[in-house]
Amino acid sequence: MAEHAQEGFYEWAARRHPSWGKLALLHRLDKDTSGLIVFAKTPRGSKSVTDQMEARRVQKRYVFYAAARDRPRESSCTDRIAKARAGLARLDPRGLEARTDFTVLE
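Residues numbered from 1 in each chain as written. Predicted model: local features only at pLDDT ≥ 70, side-chain atom pairs only at ≥ 80, totals over all residues. Heavy atoms only, no water.

## Description of the overall build of the protein
From N to C terminus, the protein includes two helices and five strands. Out of the 106 residues belonging to the protein, those deemed buried represent 10%. Expressed as a percentage of contacts within the protein between residues at least 6 apart in sequence, the contacts between residues at least 24 apart total 31%. Accessible surface computed for the protein: about 9900 Å², of which carbon and sulfur atoms make up 52%. (Helix = DSSP H or I, 4+ residues; strand = E, 2+ residues; numbered from the N terminus. Buried < 20%, exposed > 50% of the residue type's maximum accessible area, 1.4 Å probe, protein only. Contact = heavy atoms within 4.5 Å. Areas by Shrake-Rupley, 256 points an atom, 1.4 Å probe, with all protein chains shown as cover.)

## A look at the pattern of salt bridges
Going through the model one piece at a time under the given rule, you end up with five salt bridges. With a shortest N-O distance of 2.8 Å, Lys47 and Asp51 are connected by a salt bridge. Here Asp51 and Lys47 lie together in helix 2 (residues 43–54), a separation of four residues that amounts to about one turn. You can call Asp51 partly exposed: its relative accessible area is 31%. One salt bridge in this structure joins Glu97 and Arg80, with 3.9 Å as the shortest N-O distance. (Salt bridge = Lys/Arg side-chain N within 4 Å of Asp/Glu carboxyl O.)

## Structural notes on the side chain of Asp92
The residue Asp92 is located in the loop between strand 4 (89–91) and strand 5 (96–103) in this model. Within polar-contact distance, the side chain of Asp92 engages the backbone nitrogen of Arg94 at 2.8 Å. With residues up to four places along the chain from it excluded, the contact list for Asp92 reads Arg80, Ile81 and Ala82. (Polar contact = N/O pair within 3.5 Å; in protein donor to acceptor, adjacent residues only side chain to side chain.)

Okay, here's the thing in structure tokens:
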């Protein structure tokens, strides 16, 4: 590893838990969003998670912190999005429908 390179989470987890063996990185919440990373320790676990993701049986939950006052307790946004270059999403009337629900927790 280069002198100033930082260890990634995969390397950290593999080093900390060598008994897990080779981990399979299955999913991250979103490239530019901090949060959940899903690893599998076994081929069976990998297949199970992959099947659940492909069948859309996994629900993603995002938490957003804001200082704004006077906002509705619940709101939603529906639009069509498509993958653009470099894997970034963009609005596109021909894209897949996406819905995001917002709920103020506190």
